[in-house]
Amino acid sequence: MLRSRIIPCLLLHQGGLVKTRQFKAPKYVGDPLNAVKIFNEKEVDELIFFDIDATTAGYEPRMTLLRNLAVESRMPLCYGGGVTTTEQAVRIIAAGFEKVSISAAALARPELIKEISEAIGVQSVVVTIDVKANRLFSGHTVYSHNGRQKHKRPLLEFCQEAVSLGAGEIVINSIDRDGEMTGYDLDLARQVRGVIETPMTMLGGAGSIKHMQALIEAVGTVGAAAGSMFVFKGPYRAVLINYPTKAECLAIAKRSIST
């Protein structure tokens, strides 16, 4: 039986790891290879890497770094950032990653989702959608390019289209809540779960186990992803890589199965 996953999300920036707040002010938090080694010891469910420079700067996935990360890792890995072709996705899977995330390229040309899924399998295709709450009207607006480029595509419609084209997972990334550690946007999670049955992951806002439990209670089995929660400790946000204990993970898993 499927259970909810607890997923650290790490941001690559100029060769290091950073953490942002609302996609701004990146703060250096360490070396990616060292982070993988620590998360190995903590037996995490999965690890997501997003290169936040690749799309805006226009460069391809840095395969040497990705191979080094995969060699060190004992957990499933997902990578996103600068993926614009099927060929790139195939190389990332061959390097040792289990999943490839596409975002801006999928918005620009949705057919790419189908092409990549046919090449590497539906289970390995993730479509990540960055969103902001619409302050004038209800709903959320889709963005790309680190929140700089707005899209007119309706969020829920695009989620359904992505799944129909072969996305095996949808990641919803809340720009408003990024780095705030005040909890997930549960209404947003419910809306997305209401239109797709495909595995989904929520990112943006988690600051505690209780926030993850609230997400699971709201939508059932889900990926509960976070960045700040796993790299900061205490009210002064001291850098310290951490992860829930096995007992805490088990408690969340049981809640997921019973929901």
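You'll find the structure just up there.
Numbers given for residues are sequential positions, taken from 1 along each chain in its written order. Given that this is a predicted model, residues contribute local features only at a pLDDT of at least 70 and side-chain atom pairs are listed and counted only at 80 or more, while totals for whole chains, interfaces and linings are drawn from all residues. Heavy atoms throughout the structure, all of them, feed into the side-chain values; hydrogens and water do not.

*Asks:* Before we go on, may I ask you to explain the nonpolar core in this structure?
*Replies:* When a protein is soluble and globular, its nonpolar side chains tend to lie buried together. As used here, the term nonpolar core means buried Ala, Val, Leu, Ile, Met, Phe, Trp, Tyr and Cys residues forming a set that is joined through side-chain atoms within 4.5 Å. For the exposure calls, accessible area comes from a 1.4 Å probe over protein chains only, and a residue counts as buried if that area is under 20% of its type's maximum, exposed if over 50%, partly exposed in between. Counting residues in each nonpolar core, the largest one holds 70 residues, and the members touching the most others are Phe49, Ile129, Ile172 and Met212. Not counting residues up to four positions away in its chain, the partners in contact with Met212 are Ile6, Tyr184, Ala206, Ala224, Ala226, Met229, Phe230 and Ile252. Residues Ile7, Val18, Phe50 and Leu203 belong to the second largest nonpolar core, which totals 12 residues. Contacts are residue-level and defined by heavy atoms, with any inter-residue pair within 4.5 Å sufficient.

*Asks:* Looking at this structure, how should I read unusual backbone geometry?
*Replies:* Across residues other than glycine, the phi torsion is negative in most instances, and most of the peptide bonds are trans. Its identity as a non-glycine residue notwithstanding, Asn146 has a phi of 60°, on the positive side. Among the residues examined, Asn146 registers a relative accessible area of 24% and is labelled partly exposed. Even without being a glycine, Arg237 presents a positive backbone phi close to 55°. Of note, Arg237 is situated in the loop between β13 (232–233) and β14 (238–239). Each helix is a run of DSSP H or I of at least 4 residues and each strand a run of E of at least 2, with the numbering of both proceeding from the N terminus.

*Asks:* So what exactly am I meant to see when it comes to the packing of aromatic side chains here?
*Replies:* Note on aromatic pairs: each is described by the distance of the centres and the angle between the planes. Side-chain rings of Phe, Tyr and Trp (the six-membered ring for Trp) are treated as a pair once their centres are within 6.5 Å; stacked means planes under 30 degrees apart, edge-to-face means over 60, and tilted covers the remaining angles. In total, this model carries 2 aromatic pairs according to the counting rule given. Between Tyr79 and Phe97 the ring centres are 6.3 Å apart and the planes differ by 80°, which places this aromatic pair in the edge-to-face class. Note that Tyr79 is positioned in strand β5 (residues 77–80) and Phe97 in the loop between α4 (86–95) and β6 (99–102), a separation of 18 residues in sequence. Centre to centre, the rings of Phe230 and Tyr243 are 5.5 Å apart; their planes meet at 35°, and the pair counts as tilted. In this pair, Phe230 is assigned in helix α10 (residues 228–231) and Tyr243 in the loop between β14 and α11 (246–258), connecting sequence segments 13 residues apart. Owing to a relative accessible area of 0%, Phe230 belongs among the buried residues under this scheme. Residue classification places Tyr243 among the buried positions, given a relative accessible area of 9%.

*Asks:* I'm lost on helix α6 (residues 111–120) in this one. Help?
*Replies:* The α-helix winds at 3.6 residues per turn, so residues separated by three or four positions along the chain end up facing the same way. Taken together, the buried positions of α6 are occupied by Leu112, Ile113, Ile116, Ser117 and Ile120. Across the axial projection of α6, the buried residues extend over an arc of 130°, all falling on one side. Summarising the contacts, the buried residues of α6 are in contact with α4, β6, α5 (104–108), β7 (125–133) and α7 (155–165). With its phi angle positive at about 100°, Gly121 sits one or two positions after the end of α6. Think of the arc as the fan of directions from the helix axis to the C-beta atoms.

*Asks:* Please explain the side chain of Lys19 as it appears in this structure.
*Replies:* By the element assignment, Lys19 lies in strand β2 (residues 16–21). Accessibility expressed as a relative area gives 7% for Lys19, which makes it buried. Under this definition, polar contacts are N or O atom pairs within 3.5 Å; protein pairs additionally need one hydrogen-donor-capable and one acceptor-capable atom, and for neighbouring residues in sequence, both atoms have to be side-chain atoms. At 2.7 Å, the side chain of Lys19 and the side chain of Asp178 are in polar contact. Filtering out sequence-adjacent residues up to four positions away, Lys19 remains in contact with Leu11, Ala25, Pro26, Lys27, Val29, Asp178, Gly179, Gly227, Ser228, Val231 and Phe232.

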